[in-house]
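Structural overview for review
Next come the chains, spelled out residue by residue.
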Amino acid sequence: MLPAEVLEQVKKDLPVWNGLGYSAMEISHRSAEFSALLDQIESDLRSLMRIPDDYSVLLVQGGATLQFSLLPMNLLHGRETADYLTTGSWSSKAFKEARKANSNVHEAATGAQHNFMSLPERDEWQLSPEAVFLHYVHNETIAGLMFPSIPDVDVPVISDLSSCILSLDMDVSRMGAFYAGVQKNMGPAGLAVLVMAPELLERCRDNLPDMLSYRAYARNRSILNTPPTFTCYVLGLVLRWVSERGGVKVMHRNTVAKSDLLYGLIDQSELYANPIQKSARSITNIAFTLADPALDEKFLQQAERRSLVSLKGHRSVGGMRASLYNGMPMEGVQALHDFMLEFERDWQKGR
Ligand SMILES: *Cc1c(COP(=O)(O)O)cnc(C)c1O
């Protein structure tokens, strides 16, 4: 969900952006205006996330998924290895894709034996002494499982922040790199943000095709070909929107308040349940099941009548999922909360 104010602004700007006489979809990516937009995106991201000055901020195409392949392709030379934590669908996919790029990558720990409902204990991680980096997914979007803190290891940590960027206040200087597809919490689909420390960027391979090379992106200020200019424009608006509302600390506080409201209800309920280990519950993606899955369809239909949509859980896990990205206002969460209570009362009466 995008913030309503951002969509209103897009509506105003759609035919004519910035008094230019044409729209952000039509702008030349070589123009001074577009260059100024990229500058704004970079400086807003840097100040919102307190990104260290010497880290590179890249806008890369192919979404978060392409980074699953590009990270090992760029960072690993010859027989070098990296550690992967698999804690759900996205990190498993990241590991699978990394394997195709470099068969030496190593699964250091997995939550698979617990159906990815809990995080592997820190003392069970089997880290390889030679690893170039450790890859993990901070928030598993589908199951709603989140690391309570950035993993503490001796090698650079690379975090997939796709579904928690700008909602969690994090010390990104503790990461060697992080990335996120912009479409979950920052704009429409079409780009990933990738931020990398200089020591990692320097070790990136330089003999890859340009479109696959982080160093080529860095040398060319992310303009290797025509970028999705409209996505960049909306991303710029969303970053401004977050800044104007007090920044990531405020977003984090709001997200905790929104998720507390739903988890509070779920934990009191006889109808709803959340299967995730409590200390690893996501604050942006709240998964819940109904005591009787035969009620799922009815729940979704009645919710839709109140304009509560996109609640169906991912096809791989079933159940329900409420995503509480920054664009979702408290009133929307309150409306869902009230509907869930009412639905449960009706169910109690019918029993
Ligand atoms: C959605 C998602 C992805 C995939 O993003 P794309 O931009 O569609 O490739 C990767 N990782 C996480 C954690 C996600 O939530």
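Each remark here, short or long, concerns the structure printed above.
Presented here is an overview of the structure given in this document. (Residues numbered from 1 in each chain as written. Predicted model: local features only at pLDDT ≥ 70, side-chain atom pairs only at ≥ 80, totals over all residues. Heavy atoms only, no water.)

Remarks on the sheet that holds strand β12 (residues 320–323)
- The antiparallel open sheet is built from three strands, whose spatial order is β10-β11-β12. Each edge of the open sheet is held by one strand with a lone partner, namely β10 (272–273) and β12.
- Relative to strand β11 (residues 285–290), β10 runs antiparallel, the two being bridged by two bridges. The partner of Y272 across the bridge, within β11, is L290. (Pairing = 2+ DSSP bridges. Helix = DSSP H or I, 4+ residues; strand = E, 2+ residues; numbered from the N terminus.)

Structural notes on the site of the ligand
- In the vicinity of the ligand lie 14 residues, with T65, T141, D160, Q183 and K184 positioned nearest.
- Within the contact set of the ligand, a nitrogen atom lies 2.6 Å away from a side-chain nitrogen or oxygen of D160.
- At 2.9 Å from an oxygen atom of the ligand is found a side-chain nitrogen or oxygen belonging to Q183.
- Burial of the ligand by the surrounding chains reaches 88%, relative to a free accessible area of 390 Å².
- The element best represented in the shell around the ligand is helix α3 (residues 63–75), accounting for four residues. (Near = heavy atom within 4 Å. Polar contact = N/O pair within 3.5 Å; in protein donor to acceptor, adjacent residues only side chain to side chain. Areas by Shrake-Rupley, 256 points an atom, 1.4 Å probe, with all protein chains shown as cover.)

Observations regarding helix α1 (residues 4–13)
- Buried within α1 are the following residues: V6, V10 and D13. Axial view of α1: buried residues confined to an arc of 70°, hence all on one face. Residues of α1 that are exposed and point over 90 degrees away from its buried face: A4, K11 and K12.
- The inward-facing, buried residues of α1 abut α7 (229–244). (Buried < 20%, exposed > 50% of the residue type's maximum accessible area, 1.4 Å probe, protein only. Arc of directions from axis to C-beta. Contact = heavy atoms within 4.5 Å.)

Here we look at the packing of α1 against α7
- Taken N-terminus to C-terminus, the directions of α1 and α7 make an angle of 135°; their axes are 10 Å apart at the nearest point. In terms of their interaxial angle, α1 and α7 are classed as oblique. Seen from above, α1 lies across α7 with right-handed handedness. Residues E5, V6, Q9, V10 and D13 of α1 form the contact with α7, whose participating residues are F230, Y233, V234, L237, V238 and W241.
- Looking at the contact of α1 with α7 residue by residue, the class counts come to eight nonpolar, one polar and two charged. (Axes fitted to C-alpha atoms, helices over the stretch in contact; angles between N-to-C directions. Parallel < 35°, antiparallel > 145°, perpendicular 65-115°, else oblique. Left-handed = near helix turned anticlockwise from the far one by under 90°. Nonpolar A, V, L, I, M, F, W, Y, C, P; charged D, E, K, R; others polar.)

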